[in-house]
Every structure is written in structure tokens, then in C-alpha cells.
Amino acid sequence: MDKHDYIVAIIDDLRGTTGLPFQLKLQKVLSKYYKALGKTYEMPAPYGGDDKNDGWVVEDATFYQIYAPIQVKRSLGKDIQDKFQEDLEGLVKKIKEGKWNGKLNKFVFIVNTFDLPLPKDSNRFYHSVVKKISEENEIKFDFIIGNLDYINDILLEISNIE
């Protein structure tokens, strides 16, 4: 198998998974990815609450939040927006309380959209939410909203995918 085959196998396996199993599988992928970069990816125990931190890169203060809905409540776009805002507000609150070294440099929100692209954001909802939370809490950070295309892209960076 070549690099492309490995990545396709990983993405296909993730694509067919929802809920906590998706989060646990993604944790394994991100752990291996960051280990290949010489960094530490930690995932708080998801049982009993993760304090809005599904995983983080200790050295970079990069935090991941993972959303893999089992079923859509209203519309996928609106559900993603609600989850993004709720999780980011909760994470920033915990960081301001001093959790995880009290620092946030990047927030990465990963959604399992299965075989669909991310819904459009023509109103720039995510930028507005980040700007509001940043200003209210006097904290600056970058953010990414991605799906399995994001995972595909980062895995392409690894020279020895095996």
C-alpha cells in the first residue's frame, strides 16, 4: 500500500463512524499525527464530561472539538453552528479559569459530514462568533472548521504514514 491508500483507508473508516466512536478513532489518528511531528496530543476522558476539550496539542495550545452527529436535529448547518458556539464559549470559559495552562492559540472544530462538504457560511457566522467571544474575553486565537478533508490534508504532511 502507498501513502494515498493508507489515507483513503483511514478516511473511509472515519466517515462511517458517529458519536463517541468517531471521537475515539480520531483521537488515535491525531495522536499518531502529532507524534510524527514531535508533539503531544492529549484527549481528556470523554466519560463524565470533557470540559469542552475533545483533545489538545499541549505544546501549541491547539484545542480540538469533535462533532459527529448520530442524527441531525434540525439542519446540519444549524446544528453545526449551535455546537460550535456552545463548545467554543465553554472552552474559553474553562481556559479563563486556568485549565490547560490557561492558554488558547487555535480552536479546531471537526465535523463528520460523512460524504458531504461543510455547509456554506455565507453570513460568516463562525467569524462573528469568534470575534464576539474574543472581544468579550480579551483573548486572541485562530480557528478552523473542517471535516474529513482537513484530516486528509494533515495526513498528507506525514512522510512516513505507516
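Keep in mind that this is a model prediction, so the values were computed, not measured.

Caption draft 1: Geometry of the overall build of the chain. Secondary structure summary: the chain contains five helices and five strands in total. Reading the chain from its N end, one meets helices and strands in the order α-α-β-β-β-α-β-α-β-α. For 162 residues, the compact-globule estimate of 2.2 N^0.38 gives 15 Å, and the chain sits close to it at 16 Å. Residue burial in the chain is summarised as follows: out of 162 residues, 41% are buried. Taking the contacts inside the chain whose residues are at least 6 apart along the sequence as the reference set, 65% of them involve residues at least 24 apart.

Caption draft 2: Molecular detail of the pattern of salt bridges. Inspection of the entire model under this criterion finds eight salt bridges. Across the salt bridge formed by Lys-78 and Asp-82, the nearest N and O atoms sit 2.9 Å from each other. Placement of both Lys-78 and Asp-82 in helix H3 (residues 76-96) is noted, with a separation of four residues, approximately one turn of the helix. Using a relative accessible area of 26% as the deciding quantity, one classes Asp-82 as partly exposed. Across the pair Asp-87 and Lys-83 runs a salt bridge whose closest N-O atoms are separated by 3.1 Å. Of this pair, Asp-87 and Lys-83 both sit in helix H3, four residues apart, which is roughly one turn of that helix. For Asp-87, a relative accessible area of 0% gives the class buried. Classification of Lys-83 as partly exposed rests on a relative accessible area of 21%.

Caption draft 3: Structural view of the sheet that holds strand E3 (residues 62-67). Sheet architecture is open: five strands sit in the order E1-E2-E3-E4-E5, paired in mixed fashion. Bordering the open sheet on either side are strand E1 (41-42) and strand E5 (142-146), each of which pairs with just one other strand. As defined by bridge partners, E3 adjoins strand E4 (residues 106-111) across six bridges and the pair is classed as parallel. The residue of E4 that forms the bridge with Gln-65 is Phe-109. On the sheet, helix H2 (residues 19-36) packs against E1, strand E2 (55-57), E3 and E4 and is oriented at approximately 150° with respect to E3.

Caption draft 4: Inspection of the packing of helix H1 (residues 3-15) against helix H5 (residues 148-156) at higher detail. The geometry of H1 relative to H5 is characterised by a closest axis approach of 10 Å and an angle of 155° between their N-to-C directions. Relative to H5, the element H1 lies roughly antiparallel. Helix-helix and strand crossings are classified by hand; for H1 and H5 the assignment is right-handed. Of the residues in H5, those touching H1 at Lys-3, Ile-7, Ile-10, Ile-11, Leu-14 and Arg-15 are Leu-148, Ile-151, Asn-152, Leu-155 and Leu-156.

Caption draft 5: Region of the structure containing helix H4 (residues 125-137). A rise of 1.5 Å per residue sets the reference length of H4, with its 13 residues, at 18 Å; its end C-alpha atoms lie 18 Å apart and thus fit the reference within 8%. Buried-residue contacts for H4 involve H3 and E5. Glu-138 sits one or two residues past H4 and shows a positive phi near 50°.

Caption draft 6: View of the packing of aromatic side chains. Under the criterion given, the structure shown has 14 aromatic pairs. Taking 5.5 Å as the distance between ring centres and 65° as the angle between the ring planes, the aromatic pair formed by Phe-84 and Phe-107 counts as edge-to-face. Remark: Phe-107 occurs in strand E4 and Phe-84 occurs in helix H3; sequence separation between them is 23 residues. Since its relative accessible area comes to 0%, Phe-107 is described here as buried. Ring pairing ties together the aromatic residues Tyr-67, Phe-84, Phe-107, Phe-109, Phe-125, Tyr-126 and Phe-143, which thus form one cluster. Residue placement shows Lys-99 over the ring face of Trp-100; its charged tip is 5.9 Å from the ring centre.

Rules used throughout
Residues numbered from 1 in each chain as written. Predicted model: local features only at pLDDT ≥ 70, side-chain atom pairs only at ≥ 80, totals over all residues. Heavy atoms only, no water. Helix = DSSP H or I, 4+ residues; strand = E, 2+ residues; numbered from the N terminus. Rg over C-alpha atoms; globule rule 2.2 N^0.38 Å. Buried < 20%, exposed > 50% of the residue type's maximum accessible area, 1.4 Å probe, protein only. Contact = heavy atoms within 4.5 Å. Salt bridge = Lys/Arg side-chain N within 4 Å of Asp/Glu carboxyl O. Pairing = 2+ DSSP bridges. Axes fitted to C-alpha atoms, helices over the stretch in contact; angles between N-to-C directions. Parallel < 35°, antiparallel > 145°, perpendicular 65-115°, else oblique. Left-handed = near helix turned anticlockwise from the far one by under 90°. Expected span 1.5 Å × (residues − 1). Phe/Tyr/Trp six-rings, centres within 6.5 Å; stacked < 30°, edge-to-face > 60°. Lys NZ or Arg CZ within 6 Å of the ring centre and 35° of its normal.

The values are spatial; any link to function lies outside them.
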